[in-house]
Amino acid sequence: MLILLPPSETKSDGGSGAPLDLDRLALPSLLPLRRKLADALVELSGDVDASIAALGLGPTQVDEVDRNARLWTSPTTPALQRYTGVLYDALDAPSFTRAGRARAHARLWIGSALFGAVRASDPIPSYRLSGGSTIPHFGTLRSHWKPELSDAISAEDEGIVVDLRSGTYQQLGPVPGAITATVLTEKPDGSRSVVSHFNKHHKGLLARALTLTTAEPKDVKAVARVASKAGLRVEVASATELIVLTE
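Since we're looking at a predicted model, the values are computed, not measured.

K.L.:
Run through helix α10 (residues 220–229), naming residues and quoting values.
P.N.:
Listed in full, the buried residues belonging to α10 are V220, A222, V223, A224, V226 and A227. In this structure, the buried side of α10 is in contact with β8 (161–163), β9 (179–186), α9 (196–212), β11 (233–238) and β12 (241–246). Of the residues that open α10, the one with a side-chain oxygen 3.2 Å from the backbone nitrogen of K221 is D219. G231, located one to two residues past α10, shows a positive phi value of around 95 degrees.

K.L.:
Tell me about the packing of helix α1 (residues 31–44) against helix α7 (residues 141–154), and name the residues and values.
P.N.:
For the pair α1 and α7, interaxial distance at closest approach is 11 Å and the crossing angle is 165 degrees. Compared by their axis directions, α1 and α7 come out roughly antiparallel. As α1 runs across α7, the sense of the crossing is left-handed. For the pair formed by α1 and α7, the contact residues are L33, R34, K36 and L37 on the first element and L141, H144, W145 and E148 on the second.

K.L.:
Pulling in residues and values, what's your account of the pairing of β11?
P.N.:
As a general feature of sheets, a regular strand has side chains that alternate between the two faces. In terms of strand pairing, β11 meets β12 through five bridges, oriented antiparallel. When the sheet's bridge partners are listed, V234 is paired in β12 with V244. Hairpin remark: β11 followed by β12, antiparallel, with two residues in the connecting loop.

K.L.:
Please set out unusual backbone geometry residue by residue, giving values where relevant.
P.N.:
A positive phi angle is found at L27, which is not glycine, with a value near 60 degrees. Residue position: L27 is located in the loop between β1 (2–5) and α1. Overall, L27 belongs to the buried group, its relative accessible area being 5%. Although it is not a glycine, D92 adopts a positive phi angle of roughly 55 degrees. You can see D92 is positioned in the loop between α5 (86–91) and α6 (98–107). When its relative accessible area of 32% is taken as the criterion, D92 is described as partly exposed.

The rules behind the values
- Residues numbered from 1 in each chain as written.
- Predicted model: local features only at pLDDT ≥ 70, side-chain atom pairs only at ≥ 80, totals over all residues.
- Heavy atoms only, no water.
- Buried < 20%, exposed > 50% of the residue type's maximum accessible area, 1.4 Å probe, protein only.
- Helix = DSSP H or I, 4+ residues; strand = E, 2+ residues; numbered from the N terminus.
- Contact = heavy atoms within 4.5 Å.
- Polar contact = N/O pair within 3.5 Å; in protein donor to acceptor, adjacent residues only side chain to side chain.
- Axes fitted to C-alpha atoms, helices over the stretch in contact; angles between N-to-C directions.
- Parallel < 35°, antiparallel > 145°, perpendicular 65-115°, else oblique.
- Left-handed = near helix turned anticlockwise from the far one by under 90°.
- Pairing = 2+ DSSP bridges.

Structure, rendered in structure tokens:
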């Protein structure tokens, strides 16, 4: 089973690993595009105003440009430790046992605007680049990633793929046949709606359940059983969609 998580705009600082070495990342077929993007991002950081505009930053976020300027020289840390935020708080990777960490390294992947997708254990630096960003004179990220990323992920023979990425990152590299999860808040009157905070939190809880289970789900019904055992309220909407309900 391969579980695809979304990245986060917020990332931890520092790290104890050597500077970025693209040869150490999974999906080596993506190396040429990763290098091209990394070089373009570092070059862009030389123009603070252009970086702020391209990356959609506010006036108090200039430090994000500095992160990109140091992309090739700053220390790295495993991807699962680099990304932070609501989903990753719910995933709670620091609480994993040794066996849990081994399953995380085998099952968890994280989508990335800069790297396409990385394994949980891949060493990466802190950076700032969102899936909807457009680097000047480079075109949209989707136009570069979509032809290559889909094939690279699909080539990983990991059984089913559970794609928990947001729509923007799914569009960078769609995975045909992947199981997706839709988080809905159910009101007392029975109506349902999407709420962003609960979406991230419950996807984190689902990812945790799927990471730590000793089972090897083969279809959406099996994924639903794992989720239910973990205390989540779920419904199977189709062969490729699971609904997670919250109140």
